[in-house]
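Read off the chains here:
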Amino acid sequence: MPLNKNRSLSLKEMTNSDFNRLSSYIYNNYGIKMPVGKKTMLQCRLQKRMRELKISSYKEYCDLVFSKQGQEDEIYQMIDVVSTNKTDFFREHAHFDFLKNTILPGLNKNDSSGNFVKVWSAGCASGEEAYTIAMVMSEFKEKNPDFDFKILGTDISNKILTEAANAIYPLNKVSDIPLNLKKKYLLKSKDKTLAKVRIVPELRAKVKFARLNLMEDNYNVQEKYDIIFCRNTLIYFDKETQKKVVFNLINEIKNNGYFILGHSESLINMDTPIKQVSPTVYRKV
Ligand SMILES: C[S@@+](CC[C@H](N)C(=O)[O-])C[C@H]1O[C@@H](n2cnc3c(N)ncnc32)[C@H](O)[C@@H]1O
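Model, not experiment: these values are computed from the prediction.

### Considering the sheet that holds strand β7 (residues 225-230)
Each strand in a sheet pairs with another by means of backbone hydrogen bonds, the pair being arranged parallel or else antiparallel. Spatially, the seven strands line up as an open sheet ordered β6-β2-β1-β7-β8-β10-β9, and their pairing is mixed. Taken across any chain shown, the strands that pair with only one partner, and hence form the sheet edges, are β6 (207-211) and β9 (274-278). Across the sheet, the axes of successive neighbouring strands diverge by a mean angle of 25°, strand direction being ignored. Relative to strand β2 (residues 148-155), strand β1 (residues 116-122) runs parallel, the two being bridged by seven bridges. Bridge pairing in β2 links K118 to K150. Sitting on the sheet, helix α11 (residues 239-251) touches β1, β7, β8 (253-261), β9 and β10 (281-284), and the angle it makes with β8 is about 140°.

Put into structure tokens, the structure is as follows:
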């Protein structure tokens, strides 16, 4: 079907059958629940991608996604548009106060392998959470020279992970970073017309990003973590999936390590080997 002048496609509504094919695939493979009420949202999110591909029906798009080739490439593009990547620096800042005032001063250096305190930001989106953690830990390191740390950020979306690794953010995204930290950890663009900043190389060097699907049975991580942040990610999963992911993540935390969820998430009724020590902050005992 030819594209009209404003490049919008006159798409028919997605059939329930096509919606079910996509939504059950997304749910079964990535855990993201997609009740029928999300059909309009899914349609809107796929439209831009379909325009790029000059595909004019959802059926054709489904056939592409589920083709042998599509399973090797288009599926990753689809996940990029389907995932909700909203995040911010110092989002739910009480967690970073707790990290600074309670967790870091209480960590036993000898508990940490190679003396690196290891932190995992699971469902890291575009990296703001990981870099916020890095700023707080760098500040602590400045006063405690023996202390060192490394941070891993993981997500299912390749596109968002590329953004995270680039660490370039529009100025309006960094307004929640305290001024003293902005001065230390952000670089202004040389091109003054660009309202963008970049995280300084020293901080970027502390954070690595990798693709990891939390639905995997085995995360294949090499060493256990001192602290895992998994915030505002479980909310997209149903209870059963949440429980599976939570147990898998707890398994990767060292004894006495911490597990931090988003403020609207909880471990209620999960019978986990972990105790709450502050709102949505848990400790493996
Ligand atoms: C709303 S963001 C949360 C970002 C950050 N943790 C925060 O609290 O600001 C949720 C992230 O989880 C990721 N995600 C969703 N399902 C996932 C899965 N099965 N495995 C890994 N990441 C997933 C999404 O791609 C998205 O970037």
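Back to the write-up after that little detour.
### As for the site of the ligand
For the ligand, the set of nearby residues contains 25 residues, the closest of which are S83, T87, G123, A125 and L214. Classifying every residue of the shell around the ligand gives nine nonpolar, 11 polar and five charged. Formed jointly, the shell around the ligand draws a minimum of three residues from each of two domains, domain 1 (16-82) and domain 2 (94-284).

### Re the domain arrangement of the protein chain
Taken as a whole, the protein chain is organised into domain 1 (16-82) and domain 2 (94-284). Taken together, the contact between domain 1 and domain 2 spans eight residues of the former and 12 residues of the latter. Listing elements by their share of the side of domain 1 that touches domain 2, those giving two or more residues are α1 (16-30) and α5 (74-82). Per-element accounting of the side of domain 1 that touches domain 2 gives the leading share, three residues, to α5. Of the residues that constitute the side of domain 1 that touches domain 2, the class distribution is four nonpolar, two polar and two charged.

### A word on the confidence of the model for the protein chain
Scored by pLDDT, the protein chain comes out at a mean of 92, with 94% of its residues at no less than 70. Scored below 50 in pLDDT, residues 1-7 makes four contacts in the model with residues more than four places away or belonging to other chains.

### Let's talk about the nonpolar core
For soluble globular proteins, the rule of thumb is that nonpolar side chains tend to be buried together. Ranked by internal contacts, the top residues of the largest apolar core, which has 70 residues, are V119, A130, Y131, I133, A134, I227 and I228. No other element matches helix α7 (residues 128-143), which puts seven residues into this core. Two domains each provide a minimum of three residues to this core, namely domain 1 (16-82) and domain 2 (94-284). With sequence-adjacent residues up to four places away left out, Y131 is seen in contact with F89, A167, I199, L203 and V207.

### Structural notes on α11
For α11, spanning 13 residues, the distance from its first C-alpha to its last is 18 Å, which sits close to the expected 18 Å at 1.5 Å a residue. Every buried residue belonging to α11 is among Q242, V245, V246 and L249, and all of these are buried. Projected down its long axis, α11 carries its buried residues within an arc of 100°, all on one side. Contact partners of the buried residues in α11: β1, β7 and β8.

### Remarks on the sheet that holds strand β4 (residues 186-188)
The three strands are arranged β3-β5-β4 in an open sheet whose pairing can be described as antiparallel. The open sheet is flanked by β3 (168-170) and β4, the only strands paired with a single partner. Averaged over neighbouring strand pairs, the angle between their axes works out to 35° when direction is ignored. Where β3 lies against strand β5 (residues 196-199), three bridges are found, and the strand directions are antiparallel. Within β5, the position partnered with I168 by the bridge is R198.

Thresholds applied
- Residues numbered from 1 in each chain as written.
- Predicted model: local features only at pLDDT ≥ 70, side-chain atom pairs only at ≥ 80, totals over all residues.
- Pairing = 2+ DSSP bridges.
- Helix = DSSP H or I, 4+ residues; strand = E, 2+ residues; numbered from the N terminus.
- Axes fitted to C-alpha atoms, helices over the stretch in contact; angles between N-to-C directions.
- Contact = placed C-beta atoms within 7 Å.
- Near = placed C-beta within 6 Å.
- Nonpolar A, V, L, I, M, F, W, Y, C, P; charged D, E, K, R; others polar.
- Domains from an automatic or database assignment.
- pLDDT = per-residue confidence, 0-100.
- Core = buried A, V, L, I, M, F, W, Y, C linked by C-beta atoms within 7 Å.
- Buried ≥ 20, exposed ≤ 12 C-beta atoms within 10 Å, placed from the backbone.
- Expected span 1.5 Å × (residues − 1).
- Arc of directions from axis to C-beta.

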